[in-house]
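Below are the chains, spelled out letter by letter.
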Amino acid sequence: SKDIELDPYDEDILDKFIESPNLMFLKDNIQYETQLTYRLGYDIISQRITVPWRYTDGTLAGVMGRINQYDTEDMAKWLPIHPFPKSCCLFGFSENYTDILHHKKVIITESEKGVMQLDSMGIKYGLSNGGSYLSENQVDYINALRPREIIIAYDEGLTEEHLYRQAEKFKGNSIFTKTKIGYIYDKDNIYLAKGEKQSPTDLGFVLFDELRRSYVTWI
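Each chain carries its own residue numbering, running from 1 in the direction its sequence is written. Only residues with pLDDT of at least 70 are given local features in this predicted model, and only at 80 or more are side-chain atom pairs given and counted; all residues enter the totals for whole chains, interfaces and linings. To get the side-chain values, take all heavy atoms of the structure and skip hydrogens and water.

Moving on, we get to the sheet that holds strand β3 (residues 48-54). Across the sheet, which stays open at both edges, the five strands sit in the order β1-β2-β3-β4-β5 with antiparallel pairing between neighbours. Every other strand in the sheet has two partners, leaving β1 (18-19) and β5 (78-82) as the edge strands with one partner each. The pairing criterion is simple: DSSP has to find at least two bridges between the two strands. In this description a helix means any DSSP run of H or I spanning at least four residues, a strand means any run of E spanning at least two, and both kinds are numbered starting from the N terminus. Both β1 and strand β2 (residues 41-43) contribute to a ladder of two bridges, which runs antiparallel. When the bridges of β2 are listed, Glu-19 appears paired with Gly-41.

Moving on, we come to the sheet that holds strand β8 (residues 149-153). Taking strand neighbours across the sheet as the criterion, the five strands line up as β7-β6-β8-β9-β10 in an open arrangement whose pairing is mixed. Since the sheet does not close on itself, it has two edges, and those belong to β7 (126-128) and β10 (216-218), each with one partner. Strand-to-strand twist of the sheet, defined as the mean angle between neighbouring strand axes without regard to direction, takes the value 25 degrees. Judged from the four bridges that link them, β8 and strand β9 (residues 180-184) form a sheet pairing that is parallel. Where helices are involved, their axes are fitted lines through C-alpha atoms of the stretch in contact, as for all axes, and angles between N-to-C directions lie from 0 to 180°.

Next up on the list: helix α7 (residues 205-214). Taken as a whole, α7 has its buried residues at Phe-208, Asp-209, Leu-211 and Arg-212. Projected down its long axis, α7 carries its buried residues within an arc of 160 degrees, all on one side. Exposed residues pointing more than 90 degrees away from the buried face of α7 are listed as Val-206 and Arg-213. Buried-residue contacts for α7 involve β6 (105-109), α4 (112-120), β8, β9 and β10. Relative accessibility decides the category of a residue: with a 1.4 Å probe and only protein chains considered, values under 20% of the type maximum give buried, values over 50% give exposed, and everything between is partly exposed. The directions from the helix axis to the C-beta atoms are what the arc is built from. What makes two residues a contact is simply this: any of their non-hydrogen atoms within 4.5 Å.

Once that is clear, we can look at the nonpolar core. Generally speaking, a soluble globular protein has its nonpolar side chains buried in company with each other. Formed by 50 residues in total, the largest nonpolar core has its most connected members in Ile-108 and Phe-170. Top contributing element to this core by residue count: β8, with four residues. In this view, Ile-108 contacts Leu-127, Asn-129, Leu-134, Ile-142, Ile-150, Ile-151, Ile-152, Ala-153, Tyr-154 and Phe-170; residues no more than four positions away in its chain are not counted. Here, nonpolar core means buried Ala, Val, Leu, Ile, Met, Phe, Trp, Tyr and Cys residues that are tied together by side-chain atoms lying within 4.5 Å of each other. Within the second largest apolar cluster, five residues are counted, among which are Ile-13, Leu-14, Phe-17 and Val-63.

Moving on, we come to the environment of Asp-12. Mapped onto the fold, Asp-12 is located in the segment before β1. Taking C-alpha positions, Asp-12 is 39 Å from Val-206, a pair spaced 194 residues apart along the chain.

As a further point, take the pairing of β9. Two faces make up the sheet, and in a regular strand the side chains alternate between them. Most of β9 is tucked away: four of the five residues are buried. Sheet analysis places β9 next to β10, joined by three bridges and oriented antiparallel. In the strand pairing of β10, Ile-184 is matched with Val-216.

Turning next to the pairing of β8. Counting buried positions along β8 yields five of five residues, so the element is predominantly enclosed. Taking every second residue as pointing to the same face, both faces of β8 are buried, with Glu-149, Ile-151 and Ala-153 on one and Ile-150 and Ile-152 on the other. Here five bridges tie β6 to β8, and the two strands are oriented parallel to one another. The partner of Ile-108 across the bridge, within β8, is Ile-152.

Take helix α5 (residues 136-144) next. Residues of α5 that are buried include every one of Asn-137, Gln-138, Val-139, Tyr-141, Ile-142 and Asn-143, and no others. Residues of α5 that are buried make contact with α3 (93-103), β6, β7 and β8.

Between 30 and 60 degrees the pair is tilted, below 30 it is stacked and above 60 it is edge-to-face, where a pair is any two Phe, Tyr or Trp rings, Trp via its six-membered ring, whose centres lie within 6.5 Å. Per the counting criterion, the structure on display carries seven aromatic pairs. Measuring from centroid to centroid gives 6.4 Å for Phe-93 and Tyr-141, while their planes differ by 65 degrees, and the two rings are edge-to-face. Linking Phe-93 in helix α3 with Tyr-141 in helix α5, this pair joins segments that are 48 residues apart in sequence. With relative accessibility at 7%, the residue Phe-93 sits in the buried group. For the pair Tyr-191 and Tyr-215, a centre-to-centre distance of 5.6 Å together with 85 degrees between the ring planes defines the contact as edge-to-face. Linking Tyr-191 in the loop between β9 and α7 with Tyr-215 in the loop between α7 and β10, this pair joins segments that are 24 residues apart in sequence.

Have a look at this one:
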């Protein structure tokens, strides 16, 4: 993997934000306890919900901000309030490290919300790479955990070829021949509404569980 000089922020920067759970994420199935675990807050200046990202060692990488309204019109839904190299981080890595080692499983979502939705379901081995493309560093970090099962749970609307290519990145290392690697693909849109960009984790535990049991393509 590429060596990039990682320069963490001081934890004190989080003190500028009001540390408080928010109703919008609660409506999106992210419980208050989970929001507190991930130290969500609110930035009065940008009027955004603050979501801290951490490097794999737990130091503060940066802070993403989510506009606190559903109708975002011309505004970017997400913006970095304190920018950071996302390709060098996985959201949830330090928080879920122990559980991932214990369960030997990883579920990868596009957004940090997916990891927090999983946490609220009691599934504490989610990671987000912050997009639909896994970087070399992110693949290395996940492989270093030696999971026995990796499931990519990206948003509806991506091609199966794209999902396959992301899953295939874990095949590069011959040590991992025993690792089951797959991706959720609901090709007939049985559960994930077409064109809605839904995440498998948006649907709640019962439907998510059905997707990961019956709609995973193993490579």
